[in-house]
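Structure assessment
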Amino acid sequence: MKSLFQRYQHSPNDAWEWRYATYFDIEDMFNMAKDHFEGEMSGIFTINYDNYKYALDLSTTHQRHNLALEQLLVCREKGTDKLLAYSWIGRGHRTPYSNDEMCEARMMHVDLSVSGATRIKLIVQAMNYWITWCESCRIPVLVSTSIREDQATFLKLHERLGFTVRGGIAYLRVIPK
């Protein structure tokens, strides 16, 4: 039986393509976050649009100069160039009880207007890119969580992909001890 990663692996036959984000993607990423996900956090945090755009811009700059610092990917529909998703991870995090470096998921947004099956496929592909990046950078632990009020499916998907879920946080040991 094929794993989810094998089943949903990105291929040239997909109607979209993944690539590194650039400065020219920032406005679309910002708009997706604002339109689809701002309501999830606006009651908790004071949302600062300029700060989010700055953080995206800084990440594209880091990535342009050193691919091992952060990974910010966009997924765009072929033909229309419509932004379907973006995923963002960073490194250098540690818990106070371990020296193991962690890669932390900063953001994964998927266009909520696409079908549920397409959203699942895009999420699995993004997570596969995360794991591959962690392996390439020799980062032993990948950590992911969700800001969404309804996160059960997202966390269940993590479990199916081999993550250990504790509360609302998913952990994956990428590099064996």
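The following refers to the structure shown. (Residues numbered from 1 in each chain as written. Predicted model: local features only at pLDDT ≥ 70, side-chain atom pairs only at ≥ 80, totals over all residues. Heavy atoms only, no water.)

Scanning the protein from N- to C-terminus turns up five helices and seven strands. Listed by position from the N terminus, the elements making up the protein come as α-β-α-α-β-β-β-α-β-α-β-β. Counting every position in the protein, which comprises 177 residues, the buried fraction comes to 42%. Considering only intrachain contacts with a sequence separation of at least 6, the fraction spanning at least 24 residues in the protein is 63%. Summed over all atoms, the accessible surface of the protein reaches about 10,100 Å², with 51% contributed by carbon and sulfur. (Helix = DSSP H or I, 4+ residues; strand = E, 2+ residues; numbered from the N terminus. Buried < 20%, exposed > 50% of the residue type's maximum accessible area, 1.4 Å probe, protein only. Contact = heavy atoms within 4.5 Å. Areas by Shrake-Rupley, 256 points an atom, 1.4 Å probe, with all protein chains shown as cover.)

With that settled, the discussion passes to helix H3 (residues 49-65). Here H3 is 17 residues long and its end C-alpha atoms lie 25 Å apart, about the 24 Å a rise of 1.5 Å per residue gives. Listing the buried residues of H3 in full gives Tyr52, Ala55, Leu56, Ser59, Thr60 and Gln63. Axial view of H3: buried residues confined to an arc of 135°, hence all on one face. Exposed and oriented more than 90 degrees from the buried face of H3 are Asp50, Tyr54, Arg64 and His65. Here the buried face of H3 lies against strand S1 (16-20), helix H2 (26-41), strand S2 (70-77), strand S3 (83-93) and strand S4 (102-110). Residue Asn48 occupies the N-cap position of H3, its side-chain oxygen lying 3.1 Å from the main-chain nitrogen of Asp50. (Expected span 1.5 Å × (residues − 1). Arc of directions from axis to C-beta. Polar contact = N/O pair within 3.5 Å; in protein donor to acceptor, adjacent residues only side chain to side chain.)

Let us look at the packing of aromatic side chains. For the structure on display, the rule yields four aromatic pairs. Ring geometry for Phe30 against Tyr49: centres 5.3 Å apart, planes inclined by 80°, an arrangement best described as edge-to-face. Taken together, the residues span a long stretch of sequence, with Phe30 in helix H2 and Tyr49 in helix H3 at a distance of 19 residues. Phe30 gets classed as buried once you look at its relative accessible area, which sits at 7%. Positioned above the aromatic ring of Phe30, the side-chain terminus of Lys53 is 4.4 Å from the ring centre. Above the face of the Trp88 ring, Arg106 is positioned so that its terminal group lies 4.4 Å from the ring centre. (Phe/Tyr/Trp six-rings, centres within 6.5 Å; stacked < 30°, edge-to-face > 60°. Lys NZ or Arg CZ within 6 Å of the ring centre and 35° of its normal.)

It is worth spelling out the nonpolar core at this point. Judged by nonpolar contacts, the single largest core of 35 residues is most densely connected at Trp18, Met108, Leu122, Met127, Leu142 and Leu161. Where this core is concerned, the elements lending two or more residues are helix H1 (4-7), S1, S2, S3, S4, helix H4 (116-137), helix H5 (152-160) and strand S7 (169-173). With ten residues, the single largest contributor to this core is H4. With near-sequence residues (within four places) excluded, Met108 lies in contact with Tyr86, Ser87, Ile123, Ala126, Met127, Trp130 and Phe154. Within the second largest apolar cluster, 15 residues are counted, among which are Ala55, Leu56, Leu72 and Leu83. (Core = buried A, V, L, I, M, F, W, Y, C linked by side-chain atoms within 4.5 Å.)

The next thing to look at is the packing of H4 against H5. Between H4 and H5, the shortest axis-to-axis distance is 11 Å and the interhelical angle comes to 50°. The orientation of H4 relative to H5 falls into the category oblique. Seen from above, H4 lies across H5 with right-handed handedness. Within the contact between the two elements, H4 uses Ile120, Ile123, Val124 and Met127 and H5 uses Thr153, Phe154, Leu157 and His158. Its residues placed into classes, the contact of H4 with H5 shows six nonpolar, two polar and no charged. (Axes fitted to C-alpha atoms, helices over the stretch in contact; angles between N-to-C directions. Parallel < 35°, antiparallel > 145°, perpendicular 65-115°, else oblique. Left-handed = near helix turned anticlockwise from the far one by under 90°. Nonpolar A, V, L, I, M, F, W, Y, C, P; charged D, E, K, R; others polar.)

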